[in-house]
Amino acid sequence: EPEVTQTPSHQVTQMGQEVILRCVPISNHLYFYWYRQILGQKVEFLVSFYNNEISEKSEIFDDQFSVERPDGSNFTLKIRSTKLEDSAMYFCASTEGQNTEAFFGQGTRLTVV
Amino acid sequence: DQQVKQNSPSLSVQEGRISILNCDYTNSMFDYFLWYKKYPAEGPTFLISISSIKDKNEDGRFTVFLNKSAKHLSLHIVPSQPGDSAVYFCAAADQAGTALIFGKGTTLSVSS
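Computed from a prediction, not measured in an experiment: that's the story for all the values here.

Asks: For the sheet that holds strand 8 (residues 72-77) of chain B, give the residues involved together with the corresponding values.
Replies: All names here are of chain B. Sheet architecture is open: 5 strands sit in the order 1-3-8-7-6, paired in antiparallel fashion. Sheet topology places strand 1 (4-5) and strand 6 (56-59) at the edges, where each strand pairs with a single neighbour. Note: strand 7 (residues 62-67) against strand 8, 6 bridges, orientation antiparallel. Residue V64 lies in a different strand from strand 8, and its bridge partner there is L75.

Take a look at the structure:
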């Protein structure tokens, strides 16, 4: 069964450092998303991406964040200068079209120290 | 602002009984609703969905009911099994259909 894969599974980084979280969405999907879940809190939408551009972003997705689809398979989330409060599980998801179910990756646990 | 609310953080049910998980929403533009199940250290897994043109959708042991006038949906699991123990998230999307908005989740524990 096709799946969304994310690497790394766990990333520890020092405050102020840049991190790149990587995702390989399902190959025939067209819409890509990043979500995050801070420990004990709800899953929060960060950004959606379609046709090589951001289609929607939340208030959380400020100038420290960027997304890119550098080639035909990868979808990345970059945090330029990490803060302690960026520590969370980051989930990548993809959908085939609008209003279809999203498939999630296993997540990357980001720990900022 | 919580557009999707799951007011019960936890629910305990005996094996074989019905589990009913509830979800309320405030945005009348939402027209597509989904339930996801999440185990620890894994990403959310899609369970079942319903569009606003329906009021019920069934898939095996799982049934989702939608009451548009009350802006309420519920997930019924019958019969509940210990393997159903997980966190269940309600999610909704609006007519533009780009982003899912999640509730905070309900932890279901099914005891044998």
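Now that the structure is up, let's keep going.
Asks: I'd like to hear about the sheet that holds strand 3 (residues 19-24) of chain A, residue by residue, with values.
Replies: Residue and element names in this part refer to chain A. The sheet built from 4 strands is open, its strands ordered 1-3-8-7 with antiparallel pairing. With one partner strand each, in any of the chains shown, strand 1 (5-7) and strand 7 (65-68) form the two edges of the open sheet. Mean inter-strand twist for the sheet, computed between neighbouring axes without regard to direction, equals 20 degrees. When strand 3 meets strand 8 (residues 75-79), the two strands line up antiparallel, connected through 5 bridges. Each residue of the ladder has a partner; that of I20, found in strand 8, is K78.

Basis of the calculations
- Residues numbered from 1 in each chain as written.
- Chains lettered and ligands numbered in written order.
- Predicted model: local features only at pLDDT ≥ 70, side-chain atom pairs only at ≥ 80, totals over all residues.
- Heavy atoms only, no water.
- Pairing = 2+ DSSP bridges.
- Helix = DSSP H or I, 4+ residues; strand = E, 2+ residues; numbered from the N terminus.
- Axes fitted to C-alpha atoms, helices over the stretch in contact; angles between N-to-C directions.

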